[in-house]
Amino acid sequence: NAGVTQTPKFRILKIGQSMTLQCAQDMNHNYMYWYRQDPGMGLKLIYYSVGAGITDKGEVPNGYNVSRSTTEDFPLRLELAAPSQTSVYFCASSPSETQYFGPGTRLLVL
Amino acid sequence: AQTVTQSQPEMSVQEAETVTLSCTYDTSESDYYLFWYKQPPSRQMILVIRQEAYKQQNATENRFSVNFQKAAKSFSLKISDSQLGDAAMYFCAYRTSIGSGYALNFGKGTSLLVTP
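**Q** Explain the overall build of chain A to me, using residue names and the numbers behind them.
**A** Within chain A one finds zero helices and eleven strands. For 110 residues, the compact-globule estimate of 2.2 N^0.38 gives 13 Å, and chain A sits close to it at 13 Å. In terms of its C-alpha atoms, chain A occupies a principal-axis envelope of roughly 35 × 25 × 25 Å. Among the 110 residues that make up chain A, the fraction classed as buried is 47%. Counting only contacts in chain A whose residues sit at least 6 apart along the sequence, the fraction spanning at least 24 positions is 54%. Carbon and sulfur atoms provide 51% of the accessible area of chain A, an area that totals close to 5000 Å². Of note, chain A has its 9 positive side-chain charges centred 12 Å away from the centre of its 8 negative side-chain charges.

**Q** Please provide a residue-by-residue account of the packing of aromatic side chains, values included.
**A** A full pass over the atoms with the stated rule returns 16 aromatic pairs over all chains. Judged by centre distance (5.3 Å) and plane angle (85°), the ring pair of Phe 101 of chain A and Tyr 37 of chain B falls under edge-to-face. Of the two residues, Phe 101 of chain A sits in strand β10 (residues 100-101) while Tyr 37 of chain B sits in strand β5 (residues 33-39), which places them in two different chains. No difference in accessibility class separates Phe 101 of chain A from Tyr 37 of chain B, as the two residues are buried. With a centroid separation of 6.3 Å and 85° between ring planes, the pair formed by Phe 91 of chain B and Phe 106 of chain B is classed as edge-to-face. Of this pair, Phe 91 of chain B sits in strand β10 (residues 88-98) while Phe 106 of chain B sits in strand β11 (residues 101-106), and the two are 15 residues apart along the sequence. The pair formed by Phe 91 of chain B and Phe 106 of chain B is uniform in burial state, with each residue classed as buried. One aromatic cluster is present, formed by Tyr 33, Tyr 35, Phe 90 and Phe 101 of chain A together with Phe 35, Tyr 37, Phe 91 and Phe 106 of chain B through successive ring pairs.

**Q** Residue-level account of the layout of surface pockets, with values.
**A** In this model, the second largest pocket occupies a volume close to 260 Å³. Lining the second largest pocket are 15 residues, with Gln 37, Asp 38, Pro 39 and Val 88 of chain A together with Arg 43 of chain B sitting closest to its centre. Those elements that place two or more of their residues in the lining of the second largest pocket are β9 (87-94) and β11 (105-109) of chain A together with β10 of chain B. For the lining of the second largest pocket, the element with the highest residue contribution is β11 of chain A, accounting for three residues. Class assignment of the residues belonging to the lining of the second largest pocket gives a composition of seven nonpolar, five polar and three charged.

**Q** Hey, could you go over the pairing of β10 of chain B for me, with residue numbers and the actual values?
**A** All names here are of chain B. Counting buried residues in β10 gives eight out of eleven residues, a clear majority hidden from the surface. In the sheet, β5 pairs with β10 via seven bridges, with the strands oriented antiparallel. Counted as the bridge partner of Tyr 37 is Phe 91 from β10. Pairing of β10 with strand β12 (residues 110-115), which is carried by three bridges, proceeds in the antiparallel orientation.

**Q** I'd like a rundown of the state of the cysteines, residues and numbers included.
**A** Residue and element names in this part refer to chain A. Under the counting rule described, the total for this entry stands at two disulfides over all chains. Two residues share a disulfide in this structure: Cys 23 and Cys 91, whose sulfurs sit 1.8 Å from each other. Of note, the bridge from Cys 23 to Cys 91 carries an S-S torsion of about -70° and is left-handed in sense. Of this pair, Cys 23 sits in strand β3 (residues 19-25) while Cys 91 sits in strand β9, placing them 68 residues apart in sequence.

Procedures and definitions
Residues numbered from 1 in each chain as written. Chains lettered and ligands numbered in written order. Predicted model: local features only at pLDDT ≥ 70, side-chain atom pairs only at ≥ 80, totals over all residues. Heavy atoms only, no water. Helix = DSSP H or I, 4+ residues; strand = E, 2+ residues; numbered from the N terminus. Rg over C-alpha atoms; globule rule 2.2 N^0.38 Å. Buried < 20%, exposed > 50% of the residue type's maximum accessible area, 1.4 Å probe, protein only. Contact = heavy atoms within 4.5 Å. Areas by Shrake-Rupley, 256 points an atom, 1.4 Å probe, with all protein chains shown as cover. Lys, Arg positive; Asp, Glu negative; His and termini not counted. Charge placed at Lys NZ, Arg CZ, Asp CG, Glu CD. Phe/Tyr/Trp six-rings, centres within 6.5 Å; stacked < 30°, edge-to-face > 60°. 1 Å grid on protein atoms, 1.4 Å probe; cavity = no way out; pocket = protein on both sides within 12 Å on 5 of 7 lines; lining within 4 Å. Points joined across faces, edges and corners; volume = space filled by probe spheres on them. Nonpolar A, V, L, I, M, F, W, Y, C, P; charged D, E, K, R; others polar. Pairing = 2+ DSSP bridges. Disulfide = S-S within 2.5 Å.

No statement about biological role is implied by the geometric values presented.
So this is what it looks like as structure tokens:
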């Protein structure tokens, strides 16, 4: 039972490049989330999903896209990377009230 | 807007002593959930404890306990018998309804230093 896994752990992007952050969970949770954590701050919600095929925007969705084709996977897509997207990205899953987090992906956009 | 405030950016405690981290929140909901997460230098977000608002009894998990004051909208975390491994950022979070799902609103965190 791996819980929530995220890849890659760390990535450097150039401005304008695209990439996909991967997230997978093996707990059969319906709810999945993407958060970002900027230095000195708490986490802010980017997108969430309540089940396969259903996604919705969170507090800071601009510049990102998501898809949820299976219960297990919830990838986050950055289309045109900008320096403001330099952050640590956390994926989480939840059966109901409590959210369980992956180890995070540190992204640097230069 | 629902907000979570952690008024102590940094706290320090000696090993084996007790420390309390403060958290206040603002909500118009009557039924909700509150959480404390620990984030060590590895950046992993680790659930420490959770509290259901409808329960009057304060939650306890081993050396960690909360003081939940619903009327005052206060949710402090007490760490007893502090250990070096408790050193980390601690985040208070409130679960809020959004659209068809839920989100966690986080405070800015309290950095806990544990000294020998």
